[in-house]
Amino acid sequence: MHSYFRCPCWSVSVLNCDLHCHSTCSDGLLPAAEVARRAAANGVAMLALTDHDDLDGLPAARAAADAVGMAFVNGVEISIEWEALQIHILGLAFNRADPALNAGLAAIRSGRIERARRMSAELEKVGIAGAFEGAMRFAANPSLVSRAHFGRYLVESGVCKDLRSVFESYLVPGRPGYVDHRWATLSDSLRWILGAGGLAVVAHPGRYKLSRADMRRFLGEFKDLGGQAIEVMSGSHTAEHVDAFGRLAREHDFLASRGSDFHGPGESYVDLGKLAPLPAGLTPVWQAF
Ligand code: AMP
Ligand code: MN
Ligand code: MN
Ligand code: MN
């Protein structure tokens with residue numbers, strides 16, 4: 001892995017690094033080892049598996065990556081709440097055994113099943129029955145039951161035609177099936193990631209409903225707490241997002257990350273390793289590993 005860092009900058013920034021994806025340990029469709037093998041087959045040079053609030057897939061993904069000679073870094077996507085918005089912070093290249101990180105993630109997970117029951121009760125009120133059991137059938141790891149599993153049930157049962165329309169009409173604030181939840185705070189997530197020796201990255205900043213001024217305020221707080229990077233290339237970013245967040249990364253002096261946010265074949269916008277390279281003039285987060 002260290003040989004990468006002897007490369008001149010121009011070649012380091014076009015390395016095919018995919019630092020955001022999911023396995024069945026959270027709401028992905030493939031087991032962790034299969035995610036790693038698929039990444040390698042797609043030409044990924046360095047992978048981070050970043051399951052939601054859970055580290056259980058990391059050993060199997062690392063072993064599969066080692067077996068095919070692909071570099072691997074530990075990852076996690078932490079659910080936090082900032083001013084009533086649900087935001088995701090990625091941790092990368094941390095010590096997986098860190099006790100405070102593991103305890104913090106366990107605390108976030110502990111409320112998910114109860115939240116799922118409340119979501120199901122809310123869906124029942126608009127005539128959608130059996131959502132708890134339906135979502136749980138998709139959740140290989142029940143403690144990580146998420147809106148993605150409910151989304152799959154709403155598609156399977158014919159309520160919505162695809163996941164995109166699920167998240168337009170259901171499960172989001174102001175729509176049936178949305179339930180508030182107490183996630184971690186921004187400062188919790190940074191304390192856990194940095195305390196475990198990792199780097200913190202704002203996941204898919206283009207997805208948050210923040211005004212330009214609030215986004216700057218959020219990024220300022222993130223930086224003050226020790227946050228180092230933002231995702232510029234993301235499977236959920238448009239070309240406009242890439243421009244805007246590339247500019248913000250330069251302005252705030254953030255490292256830039258690249259991640260497909262792959263959840264599974266046929267479900268994700270972009271497959272593992274298939275995003276365009278980072279735009280020129282940005283410093284890739286992997287230079288800091
Ligand atoms: P939760 O952690 O239970 O709030 O669920 C969040 C998950 O729902 C995300 O990680 C995605 O997998 C999925 N999700 C949220 N919004 C969307 C969207 N607009 N399109 C597709 N999937 C989404
Ligand atoms: Mn997800
Ligand atoms: Mn996310
Ligand atoms: Mn994700």
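Residues numbered from 1 in each chain as written. Chains lettered and ligands numbered in written order. Predicted model: local features only at pLDDT ≥ 70, side-chain atom pairs only at ≥ 80, totals over all residues. Heavy atoms only, no water.

Caption draft 1: Spatial organisation of unusual backbone geometry. The phi angle at Asp53 is positive, at roughly 55 degrees, despite the residue not being glycine. Mapped onto the elements of the fold, Asp53 is located in the loop between β2 (46–49) and α3 (58–68). Residue Asp253 is not a glycine yet carries a positive backbone phi of 60 degrees. Counting through the fold element by element, Asp253 comes out in the loop between α11 (239–252) and β7 (255–259). (Helix = DSSP H or I, 4+ residues; strand = E, 2+ residues; numbered from the N terminus.)

Caption draft 2: Just the coordination of the manganese ion (ligand 3), in detail. Within the first shell, the manganese ion (ligand 3) binds the protein through Glu77 (OE), His88 (ND1) and His204 (NE2), at distances of 2.1 to 2.2 Å. In terms of primary sequence, the donors binding the manganese ion (ligand 3) are separated according to E-x10-H-x115-H. Separating the manganese ion (ligand 3) from the manganese ion (ligand 2) is a gap of 5.5 Å. Taken together, the residues His88 in strand β4 (residues 85–92) and His204 in the loop between β5 (199–202) and α10 (212–224) connect sequence positions 116 residues apart. Across the pair, His204 and His88 agree in class, each one buried. (Donors = N, O, S within 2.8 Å, 3.2 Å for Na, K, Ca; no water. Buried < 20%, exposed > 50% of the residue type's maximum accessible area, 1.4 Å probe, protein only.)

Caption draft 3: Geometry of the packing of α10 against α11. Between α10 and α11, whose axes approach to 12 Å, the crossing angle comes to 45 degrees. What the angle tells us is that α10 and α11 run oblique. Taken as a pair, α10 and α11 cross one another with a handedness that is right-handed. Taking contact as the criterion, the partners of Met215, Arg216, Leu219, Gly220 and Lys223 in α10 are, on α11, Phe245, Leu248, Glu251 and His252. For the contact of α10 with α11, the class distribution of residues is 4 nonpolar, 2 polar and 3 charged. (Axes fitted to C-alpha atoms, helices over the stretch in contact; angles between N-to-C directions. Parallel < 35°, antiparallel > 145°, perpendicular 65-115°, else oblique. Left-handed = near helix turned anticlockwise from the far one by under 90°. Contact = heavy atoms within 4.5 Å. Nonpolar A, V, L, I, M, F, W, Y, C, P; charged D, E, K, R; others polar.)

Caption draft 4: Representation of the pairing of strand β6 (residues 229–234) within the structure. Within β6, 6 of the 6 residues are buried, leaving the element largely enclosed by the surrounding structure. As judged from the 2 bridges shared by β5 and β6, these two strands associate in the parallel manner. Note that in β6 the partner of Val202 across the bridge is Ile230. What joins β5 to β6 is α10, and the crossover it makes is right-handed. As paired strands, β6 and β7 are joined by 5 bridges and run parallel to one another. Along β7, the bridge assignment pairs Ile230 with Ala256. Each parallel crossover has a hand, and the one from β6 via α11 to β7 is right-handed. (Pairing = 2+ DSSP bridges. Right-handed = clockwise from strand over helix to strand, strands pointing away.)

Caption draft 5: The nonpolar core, seen in detail. Within the largest apolar cluster, 76 residues are counted, with the highest numbers of intra-cluster contacts made by Leu19, Ile89, Phe218, Val285 and Trp286. With 7 residues, the single largest contributor to this core is strand β3 (residues 71–82). Ala116, Phe150, Val166 and Val179 belong to the second-largest nonpolar core, a separate cluster that totals 19 residues. (Core = buried A, V, L, I, M, F, W, Y, C linked by side-chain atoms within 4.5 Å.)

Caption draft 6: Representation of the domain arrangement of the protein. Entries for the protein in the domain assignment read domain 1 (14–109 + 182–288) and domain 2 (112–171). Distance between the C-alpha centres of domain 1 and domain 2: 24 Å. The contact between domain 1 and domain 2 buries some 1100 Å² in all, and 47% of this surface belongs to carbon and sulfur atoms. Applying the counting criterion to the domain 1 and domain 2 interface returns 2 salt bridges. Across the salt bridge formed by Asp53 and Arg112, the nearest N and O atoms sit 3.1 Å from each other. Counting every contact that joins domain 1 to domain 2 gives 10 residue pairs in polar contact (both at pLDDT 80 or more). The residue makeup of the side of domain 1 that touches domain 2, split by class, is 5 nonpolar, 7 polar and 5 charged. (Domains from an automatic or database assignment. Buried area = accessible area lost by both parts, 1.4 Å probe. Salt bridge = Lys/Arg side-chain N within 4 Å of Asp/Glu carboxyl O. Polar contact = N/O pair within 3.5 Å; in protein donor to acceptor, adjacent residues only side chain to side chain.)

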